[in-house]
Amino acid sequence: MKKVKISYELVMVFILAAMILIFGGLTDGIFLRLSTMIGCTADVAYLGVQAMAMTLIILTAGIDLSVSYQMVCSAMFCAWTFNATNNIFIAIVVCIISGFVFGALNGIIAAKTPINPWLITMSTMYIFQAISWFFGTSFAFSTGNPVVDIGNMRIGGIVPTQLVILIVVFIIFYILEKKTTFGRYTHAIGYNENAVNYSGINAGKIKFWIYTLGGLMSAVAALMYMGRSWQVNQETGTNMNIEVIALVVLGGTSTAGGVGGVVGSFLACLIIGVLKRGLALMGLPGTVYNFIVGIVLIGSLILFAFLEKRKKLVSRKMAIANMDEQQEG
Amino acid sequence: MKKKNPIIAFFSSREGILAIFVAICFIIMCFTTNLVGSMYVFLRDLSYLIVGGLALMMVILLGEIDISSGTVLGLIGFCVFTLIQMGVPLPLCMLVAVLVGMLNSFIVGIITVRFRVPSMIVSLALVKLHIGLFALLPNAGYVSNIDPAITAVGTASVGSIPIMLFVSLALLALFCWLMKYTPYGRKVYAVGGSKESAVLAGINANKITLITYLVSGALLGITAMMYWLPKTQVQPSSCSGMEMYFLPIAVVGGINIMGGSGRPIGILVAGILIALLQRAAYLFDLGTQWMYLSYGIIVLIAVYSMFVDISFLKKKKAVGGDRA
Amino acid sequence: MGVDIDFSDLILKLENINKSFPGVKALQNMQIELARGEMHAVCGENGAGKSTLMKVITGVYKADSGQMYLNGEQVTIREPNDAYGKGIAIIFQETSLFKDLNVLENMFMGHEPVKMVGPVKSIDYAAMRKKADEIFEFLGITGSIDYETKIDNLGVAAKQMVEIAKALTYDAKVLIFDEPTAALTNKEVRALFRTIGRLKEQGISMLYISHRMEEIFEIADRVTVIRDGTYVRTAKINEVTEQQLISWMVGREMSDMYPKADVEIGDTILEVEGIRRDGSKDGFPLNNVSFKVRKGEIFGIAGLAGAGRTEMAECLVGLRKYDSGTVKLEGKEIHNKNYRSAIEKGFIYVSEDRKKYGLVVPMSIEENLTMSTLYRLGKKGFINFKEEDELVDRYMKELRVKAPNREFVVENLSGGNQQKVLVAKALCAEPKILILDEPTRGVDVGAKSEIHRIVSSLAQQGLTIIMISSDMPELLGMCDRVMVVKAGTKTGELMREEFSQEKVLELAL
């Protein structure tokens, strides 16, 4: 007897399909056009890129509240450098380096001190925010700037480059999570960091690199964001961290650590993309989306806690069955 | 058993050393800036900072957190001042403020307790919910044209000391007593110190957690009233990030972020420090970024100092049963 | 102890108690009785179910079935509070005190005396002090502990006294001691026994869990032996001999339990000279510990809990730092700056706490087995899954890990099988020196003898094994040589010919 196992990822694919159909119906079919359907991912691709790294961070039972201001700060560094040098190549390099440094700062503190990750990153969030304000209130790019041109390009008129970048990043993170020792240890740290240290693995070092990856991805997201919206300002990062965390939690990654993976986060990103564009096409203001994300986040937290409890019960039964078998055998 | 002199005991404790530092800062600022001239504003800020700090202290003592403690002030402000505009009497409105605060904290508490979701994540989700809600409110929750009679209640003062300060000092005294002299207060420390041991001592940890969230919510309701009453208009969205005023107060005040230790008196000392910083940023005309920068760094240092043994603060000695 | 006890006047009686956990049937048809004013010892091997039984009595665990009688009346105890209310209190092995609170607050936590100040209840600290004074006097330790001291700053023995005092604040009539002497020095044990004597004079009934025979014979009136979660028998202490007790506990021939094979012992492989560390930071000093281990030998380290055995092992493999001293492997001086480099050199350490440090229990057997050696499988951080599967299958077969498949989650395995996975994980690293810390803690007797067989055959294959254990028969049954440590200092070394429990204890206390 073998039960058909319905994985959470499969459920998410169904939800995605259902949402596309519902919004298609609600918007007189506008949503069913291929360009809309694929195009809507461009709205959230930069969040998705950050969510990939955030997934690894949350897998280690950590969290990074500073992602949003890492992104804003990198973007401002980038724009400021561009204004000063008028060389986009240098600006991009500066952006990536600043993201790396921000992530590494989180990583060093997370690896070397016993302070809770949320407290570390909440503090650094305010530090990064303050730093970004030292640069000024806002920066804008104009057309002719390769960041903007590439950021708004659609390959073949349909597939946005934003989506392409997201998929590339997703594949890299998928391989990193599933096929490498790094990914294996990431999960293990989330379950039991002591045991990882007592297996001869330097858990601190792995955590450092995970947080640094978070910074790097924020820098990539910064470029994507600038390319998409042409500008960055003081208000940009407000509560964006919650959106990124919402993607990860919605994707089935447990905030207790260990459980989950990047596939869920990727699918969650597509779902949120559809939701955001669908609501907009229905003529609702963008702020409704904030409200709905809050509700969805709380709902999914409760749902996962409930599912986890049930899973525990099932595994307990399995354990007892295994024991009985042994005693007979 | 010899009793230590209580004054010496206080000044050799974490809070006492901080108090000396704060006093020095205060004196320096009195002489270098116009702090005395803006004493009223300083004390008014201090009033709501103390109560907000107490609210966060309660949940942190349990080893939990409530990040939505900033945005909820905006929500409360909107609810209360809409009622005031409708002509509901002020005392009733204050009750509503407390109830809304309690409801919000109850949501965090119940989800944390029932589903074992980290309270940090739950309250984060609530922040998103609040922000979304503000935008949905009529006129984005903006309330203006408040009756000067209402504002007068908020700005009432004796000399340059606002009446509100007496309220918050009374609350502080109440909580000093509550934490030390009631079984409930002791239980909060127990649950925060170790949930397992608390259960072994026959304490219903979930119940205590829920009650504490309610207490914290009530305090947030009072904080919101203290914050909004002296103002002539209410703009809920301006409250986002205010949890970052209260969190430093709690951690600098010596409340252990892992729960289980810390004294309310620390809130007073740390509250003065944070209020001083706010004033300093204003008086030196530094802009908010300096304030945020200092908050971030202060929290990191304060928390780090809690984990690391500062030898002159903590003298470890084994009493009884020394290993031969 | 001089007091006449009527063994038919029962204060506490338990019958047909059953309790099971995932992976373990902890208690089956368990029974126990306690007469008024009696000191009743409960003994059994590690994992026999002693602690579980006590936790059932005190309401920490709820029994699946069974009856409990207090003063002849049937009672149900749902939670610890019920037990306290009925006058049953336990002194836990791992103390249940709050380390940030002071002695007085701890003693009365959850049931502080209150007085009315006007209309409100307020904790009466004066009454608290008075009651504490009374209890301390009752225990004969007046003035030895300052009420204002934080628990964190107390030593092990003082913490235990606070636990006892705390139990008495509930007006306990039945006290349960769960291996109270495990971490005490000789002097502290004497002090504890004096206190216990006083309690007995006052008519308090006590259950005393221990596996130290000489203690049981010294203080107990009766003894109940349990084995594998089942009741064996109860006897008056003056009617049994130590040999009888041991045979009831073990329930099988000693040679069956400790299948030690004769091994050709080779040259010295590991030489440790004068390891010294300043323990003022974490409380675990080591003073000039030196020893030599030879190839194929099983080298035991005995001592009390907290005497520095685990710390010694952790220093060897680079999990802890030491200040001075040299370690020579095969004649070459080495220094392990971290655990990884120690693994590379052929050391492996199997932790005593398998759920906390040994295994990642929610992960599969496969993922756990290769945890410390994953980087050797495959290139540049990419895992070679085929190689991994083969390796895991090989070790699962070799150690006879009983599980449906290699993807089975470790959490759902029985204690013995978990321990086997832990040993297999160590073997994956192909070590030269295997350090086993409490290898049979919390496993049933069947699995225990199986693990012993594995250890013995590993030694036969030429592996050098260092075994740390609190289980004296295990050490004496399995080792070629035993080193005894006490408070971080080596106090002696015994060859197999001169083994006896008394000698080891003499050195350890």
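J.: Describe in detail the overall build of chain A, supporting the description with residues and values.
T.: Broken down by element type, chain A carries 14 helices and four strands. When its C-alpha atoms are laid out on the principal axes, chain A stretches across 75 × 55 × 35 Å. Across the 329 residues of chain A, 53% fall into the buried class.

J.: Please provide a residue-by-residue account of the overall build of chain B, values included.
T.: Looking only at helices and strands, chain B features 14 helices and two strands. In terms of overall size, chain B behaves like a compact globule, its C-alpha atoms giving a radius of gyration of 20 Å where 324 residues would be expected to give roughly 20 Å. The dimensions of chain B, computed from C-alpha atoms along their principal axes, are 75 × 55 × 35 Å. Out of the 324 residues belonging to chain B, those deemed buried represent 52%. Counting only contacts in chain B whose residues sit at least 6 apart along the sequence, the fraction spanning at least 24 positions is 79%.

J.: Tell me about the interface of chain A and chain C, residues and numbers included.
T.: Bring the parts together and some accessible area is lost; that lost area is often taken as the interface size. Facing 23 residues of chain A, the contacting portion of chain C comprises 28 residues. Every element with two or more residues in the side of chain A that touches chain C is listed here: helix 9 (181-191), helix 10 (193-197) and helix 14 (286-328) of chain A. Residue contributions to the side of chain A that touches chain C peak at eight residues, all from helix 14 of chain A. Looking at the side of chain A that touches chain C, its residues break down into nine nonpolar, eleven polar and three charged.

J.: Run through the confidence of the model for chain B, naming residues and quoting values.
T.: All names here are of chain B. In this model, chain B carries a mean pLDDT of 85, and residues with pLDDT of at least 70 account for 94%. Within chain B, the lowest mean pLDDT, 76, falls on helix 1 (residues 6-11), and the highest, 94, falls on helix 11 (residues 205-228). Both scores are available for the predicted complex, with the pTM at 0.86 and the ipTM at 0.83.

J.: Summarise the packing of helix 9 (residues 183-193) of chain B against helix 11 of chain B; cite the residues concerned and give the values.
T.: All names here are of chain B. Following both chains from N to C, one finds helix 9 and helix 11 inclined at 115°, their axes separated by 10 Å at the closest point. Classed by the angle they form, the pair helix 9 and helix 11 counts as roughly perpendicular. Read as a crossing pair, helix 9 and helix 11 show a hand that is left-handed. On helix 11, the residues that touch Lys187, Val188 and Val191 of helix 9 are Ala205, Ile208, Thr209 and Thr212. In terms of residue class, the contact of helix 9 with helix 11 is built from four nonpolar, two polar and one charged.

J.: An account of the interface of chain A and chain B is requested, with residue identities and associated values reported.
T.: Tallying the contact residues gives 34 residues for chain A and 33 residues for chain B. Where the side of chain A that touches chain B is concerned, the elements lending two or more residues are helix 6 (117-135), helix 12 (240-250) and helix 14 of chain A. With 13 residues, the top contributor of residues to the side of chain A that touches chain B is helix 14 of chain A. Taken together, the residues of the side of chain A that touches chain B break down into 23 nonpolar, eleven polar and no charged.

J.: Mind laying out unusual backbone geometry, listing which residues take part and the relevant values?
T.: All names here are of chain C. A positive phi angle is found at Glu179, which is not glycine, with a value near 40°. Structurally, the position occupied by Glu179 is in the loop between strand 9 (174-178) and helix 6 (186-201). By C-beta crowding, Glu179 is classed as partly exposed, having 19 other C-beta atoms within 10 Å.

J.: Kindly report on the environment of B:Ser119, identifying the contributing residues and their values.
T.: All names here are of chain B. Mapped onto the elements of the fold, Ser119 is located in helix 6 (residues 119-136). Linking Ser119 and Val98, residues 21 residues apart in sequence, is a C-alpha distance of 21 Å. Every residue in contact with Ser119, bar those within four places of it in the chain, is listed here: Glu64, Ile65, Asp66, Val108 and Thr112.

J.: Break down the sheet that holds strand 6 (residues 88-91) of chain C for me, citing the residues and quoting the values.
T.: Residue and element names in this part refer to chain C. Ordered in space as 6-9-10-3-11-12, the six strands form an open sheet in which the pairing is mixed. At either margin of the open sheet sits one strand with a lone partner, and together these are strand 6 and strand 12 (230-236). Each adjacent strand pair in this sheet contributes to an overall mean axis angle of 20°, direction not counted. As paired strands, strand 3 (residues 39-43) and strand 11 (residues 222-227) are joined by four bridges and run parallel to one another. Paired with Ala41 across the bridge in strand 11 is Val223. Along the sheet face, helix 5 (residues 156-169) touches strand 6 and strand 9 and points at about 175° away from the line of strand 6. Here helix 8 (residues 242-250) sits on the sheet in contact with strand 3, strand 11 and strand 12, set at roughly 30° to strand 11.

J.: Describe in detail the pairing of strand 21 (residues 481-486) of chain C, supporting the description with residues and values.
T.: Residue and element names in this part refer to chain C. Most of strand 21 sits inside the fold, with five of its six residues counted as buried. Where strand 15 (residues 298-302) and strand 21 come together, four bridges link them in parallel fashion. Across the sheet, Ile301 pairs through a bridge with Met483, a residue of strand 21. In this sheet, strand 22 (residues 489-495) lies alongside strand 21 in antiparallel orientation, the contact comprising six bridges. Within strand 22, the residue paired with Met483 across the bridge is Glu493. In this structure, the hairpin formed by strand 21 and strand 22 is closed by a connection of two residues, where Ala487 is found at a positive phi of approximately 45°.

J.: Tell me about the nonpolar core, residues and numbers included.
T.: Inside soluble globular proteins, nonpolar side chains tend to come together where they are buried. Counting 373 residues, the largest nonpolar core has A:Val49, A:Cys78, C:Leu175, C:Ile435 and C:Ile465 as its most contacted members. The biggest single contributor to this core is helix 11 (residues 203-229) of chain A, with 16 residues. Setting aside chain neighbours within four positions, we find A:Val49 in contact with A:Ile165, A:Leu166, A:Val169, A:Met217, A:Val220, A:Ala221 and A:Met224.

Conventions used here
Residues numbered from 1 in each chain as written. Chains lettered and ligands numbered in written order. Predicted model: local features only at pLDDT ≥ 70, side-chain atom pairs only at ≥ 80, totals over all residues. Helix = DSSP H or I, 4+ residues; strand = E, 2+ residues; numbered from the N terminus. Buried ≥ 20, exposed ≤ 12 C-beta atoms within 10 Å, placed from the backbone. Rg over C-alpha atoms; globule rule 2.2 N^0.38 Å. Contact = placed C-beta atoms within 7 Å. Nonpolar A, V, L, I, M, F, W, Y, C, P; charged D, E, K, R; others polar. pLDDT = per-residue confidence, 0-100. Axes fitted to C-alpha atoms, helices over the stretch in contact; angles between N-to-C directions. Parallel < 35°, antiparallel > 145°, perpendicular 65-115°, else oblique. Left-handed = near helix turned anticlockwise from the far one by under 90°. Pairing = 2+ DSSP bridges. Core = buried A, V, L, I, M, F, W, Y, C linked by C-beta atoms within 7 Å.

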